[in-house]
Amino acid sequence: MKDYYDKNLPSIKKDVNTPILIIGGGLAGLMCAYNFMKNNIDFILVDSKKLASGVSANTTAQITYAHTNLYDDIIKKHGKEKVNRYLESQIEGFNIMQNIIKEETIDCDYKEESTIIGAYLQKNIKILDNLQNTLNKYNLSKVTNANNIIFNKKDIEIENQFIINPIKYMMGIIDILIDNNCKLYENSKVTKINKNNNNYEVIINNKYKINTNKIIMTCHYPIINPDNLYFTKIFQSKSYAVAFKSKLKLDANYLSLDEPYYYFRTYDDNTLIIGGSDHYTGINNDINKCYDDLISKIYRIDKDAKIVSKWFTEDCMPIDSLPYVGVYSNNHKNIILVTGFQKWGFTNSHIAAKNVTNMLFNKIYDDLYKTHRYTLFRDLKSTFRMIAHSIDGLILSKLFIKKEDLNNIKIGSGKVIRSNNKNILVYRESKDKYVFLKNKCTHLGCSLIWNDVDKVWESKCHGSIFDKYGKVIYGPAINDLEELF
Ligand SMILES: Cc1cc2nc3c(=O)[nH]c(=O)nc-3n(C[C@H](O)[C@H](O)[C@H](O)COP(=O)(O)OP(=O)(O)OC[C@H]3O[C@@H](n4cnc5c(N)ncnc54)[C@H](O)[C@@H]3O)c2cc1C
């Protein structure tokens, strides 16, 4: 967040009307706003926090259409025709973004570099082959003998990809929107959406109303449930990143297809970033190990490296491996959902914004990403894991019994404890000060676990994260946890 500068935008303070409301000012929402502005479409954009402060602020911002194992997944789940369409649209998203940076002269530390993707294990070399075959229909990759900092048996190089500073890019877009008098509001959380015939009354901060005909939902995880059963189709995956000072000079971004997935990217002359250790949210709570795995890889390539910062964030992963850009559900035809970028949000946000704009003008748009698609049997394993995971979270919140004494909680830590036949969340602030919260995620009622590295409560099901006092940090939950006493 080093390059974040506060725009001090207003929040919604009275009831208002707008033909179109964008919910969420991350990459997806901002790019929709930018396209609407360019097409003279009137809109309001609201964000529950500061603009550009969600997942998009924590991304590592490698802009490439070579989306690692996704090509293999899409071939398996949707066939070759769709994988080609996916690649074509990602190339288009890539080009749109490159043109915006150039035409709007956005100062975002743009740097062209190759992306080098490799694998060591035979099963992953097959995945790499599928990526290579798809890219090579358009002559986009070559096998390379990379200056291999990740030990692989096979590497392919995709030239002329690029990296940027994501905050600077989004700040550039926000400046353009402000200069063009777009209506942008921060600290304006959507707390309820009421449908009146074909219109919507959207409640902001439990108080003000925005009346609108159309909603563009770019708030990352869908916030109306159980419509279209998104909670069984999208999971959240957590990913970690560590920045370190190093004398090592990299000439490309390196991605490994071997598990656990990881990548190295350049940042500035002395700093590199390693990312990876991805896992489903709520499952693996050994956060230290996730960071340690990455750090051990750093020391393998440079024993004198100095760690400068580490962070995590999470992204929405559709189980059938295609993002969602389209009509929310049969009940909500005037809501367009944009989500499910699977850690490839840049090309996807740009192509999504173009498709959403075309939808508004009733023009042809790419229905590859339509929301009404049959996902259940595309990946049975993931579907059952998703449902089992949700049920597990729901059941645990009611049955799990664990006797813990308040005194056993370390100061500055949290624990789930049994009180009055219920599990409750307790955070110990100081020797005698505790915060007691209901062990029920405000999204769908799943139980929570304590993450002692980041000092947050995490939902076991759909990725919501709350701070130690129960305030929402990441959705899909909209409301804070209930304080008990
Ligand atoms: C570790 C990591 C590394 C990544 N690296 C790359 C990369 O190298 N290249 C790449 O292309 N992609 C990458 N991605 C993916 C990319 O960062 C994401 O796909 C993208 O940022 C998602 O953008 P978004 O706008 O959907 O979400 P967000 O940026 O989270 O924006 C959603 C916004 O909605 C707001 N909001 C939520 N609920 C409400 C509400 N109720 N009312 C009002 N506002 C609300 C939030 O405050 C937030 O600002 C990475 C992701 C991760 C996790």
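Bear in mind that the values here come from a model prediction, so they are computed numbers and not experimental data.

1. Topic: the overall build of the protein chain
Reasoning step 1: On a plain count of helices and strands, the protein chain comes out with nine helices and 24 strands.
Reasoning step 2: The globule rule puts the C-alpha radius of gyration for 485 residues at 23 Å, and the 22 Å found for the protein chain is close to it.
Reasoning step 3: If one aligns the C-alpha atoms of the protein chain with their principal axes, the spans along those axes are about 65 × 55 × 45 Å.
Reasoning step 4: Burial status across the protein chain gives 48% buried among its 485 residues.

2. What about the domain arrangement of the protein chain?
Reasoning step 1: Examined at the domain level, the protein chain breaks down into domain 1 (106–163 + 233–318) and domain 2 (382–474).
Reasoning step 2: On the domain 2 side, the residues contacting the nine residues of domain 1 number 13 residues.
Reasoning step 3: At the level of secondary structure, the elements contributing two or more residues to the side of domain 1 that touches domain 2 comprise β11 (234–245), α7 (287–301) and β15 (306–318).
Reasoning step 4: When grouped by side-chain class, the residues that make up the side of domain 1 that touches domain 2 number three nonpolar, five polar and one charged.

3. Structural notes on helix α8 (residues 345–360)
Reasoning step 1: If you check α8, its first and last C-alpha atoms are 22 Å apart, about what 16 residues at 1.5 Å a residue would give, namely 22 Å.
Reasoning step 2: Within α8, 14 of the 16 residues are buried, which leaves the element mostly enclosed by the surrounding structure.
Reasoning step 3: Immediately downstream of α8, the backbone of Asn362 shows phi near 55°, a positive value.

4. With respect to helix α2 (residues 70–78)
In an α-helix there are 3.6 residues to a turn, and that puts residues three or four apart on one side.
Reasoning step 1: Turning to α2, its buried residues number three or more, namely Leu70, Tyr71, Asp72, Asp73, Ile74 and Ile75.
Reasoning step 2: For α2, the elements touching its buried residues are α3 (80–103) and α4 (122–136).
Reasoning step 3: Following α2 by one or two positions, Gly79 has its phi on the positive side, about 95°.

5. Regarding the packing of helix α1 (residues 27–38) against helix α5 (residues 166–179)
Reasoning step 1: Where α1 contacts α5, the two axes come as close as 10 Å, and the packing angle between them is 35°. As α1 packs across α5, the resulting crossing turns out to be left-handed. Only Met170, Ile173, Ile174, Ile176 and Leu177 of α5 make contact with α1, whose side of the interface consists of Leu27, Leu30, Ala33, Tyr34 and Met37.
Reasoning step 2: Its residues assigned to classes, the contact of α1 with α5 shows 10 nonpolar, no polar and no charged.

6. A few points about the site of the ligand
Reasoning step 1: The environment of the ligand is made up of 40 residues, and the closest members are Gly24, Gly26, Gly54, Thr59 and Gly345.
Reasoning step 2: Of all elements in the fold, only α1, β3 (62–63), β11, β15 and α8 reach the threshold of two or more residues within the shell around the ligand.
Reasoning step 3: Taken together, the residues that form the shell around the ligand break down as 15 nonpolar, 19 polar and six charged.

7. Describing the sheet that holds strand β21 (residues 448–451)
Reasoning step 1: Strand order in this open sheet of four strands is β21-β22-β23-β24, and the pairing throughout is antiparallel. The two strands at the open ends of the sheet, each matched to only one other strand, are β21 and β24 (472–474). Strand-to-strand twist of the sheet, defined as the mean angle between neighbouring strand axes without regard to direction, takes the value 35°.
Reasoning step 2: Pairing geometry for β21 and strand β22 (residues 456–459), over four bridges, is antiparallel. Note on β22: the bridge partner recorded for Trp450 is Trp457.

8. Focus: the environment of Gly475
Reasoning step 1: Along the chain, Gly475 falls in the segment after β24.
Reasoning step 2: C-alpha of Gly475 to C-alpha of Met217: the two residues are 258 residues apart in sequence and 13 Å apart in space.
Reasoning step 3: Discounting residues that sit within four places of it in the chain, Gly475 has contacts with Cys219, His220, Tyr221, Ile223 and Ser464.

9. So, the environment of Met217
Reasoning step 1: Its location among the elements puts Met217 in strand β10 (residues 208–217).
Reasoning step 2: Take Met217: there are 25 C-beta atoms within 10 Å of it, and that puts it in the buried class.
Reasoning step 3: Along the backbone, Met217 and Thr105 are 112 residues apart, and their C-alpha atoms lie at a distance of 28 Å.
Reasoning step 4: Beyond its immediate stretch of four places on either side in the chain, Met217 contacts Ile23, Pro222, Ile223, Tyr328, Ile335, Ile336, Leu337 and Val338.

Basis of the calculations
- Residues numbered from 1 in each chain as written.
- Predicted model: local features only at pLDDT ≥ 70, side-chain atom pairs only at ≥ 80, totals over all residues.
- Helix = DSSP H or I, 4+ residues; strand = E, 2+ residues; numbered from the N terminus.
- Rg over C-alpha atoms; globule rule 2.2 N^0.38 Å.
- Buried ≥ 20, exposed ≤ 12 C-beta atoms within 10 Å, placed from the backbone.
- Domains from an automatic or database assignment.
- Contact = placed C-beta atoms within 7 Å.
- Nonpolar A, V, L, I, M, F, W, Y, C, P; charged D, E, K, R; others polar.
- Expected span 1.5 Å × (residues − 1).
- Axes fitted to C-alpha atoms, helices over the stretch in contact; angles between N-to-C directions.
- Left-handed = near helix turned anticlockwise from the far one by under 90°.
- Near = placed C-beta within 6 Å.
- Pairing = 2+ DSSP bridges.

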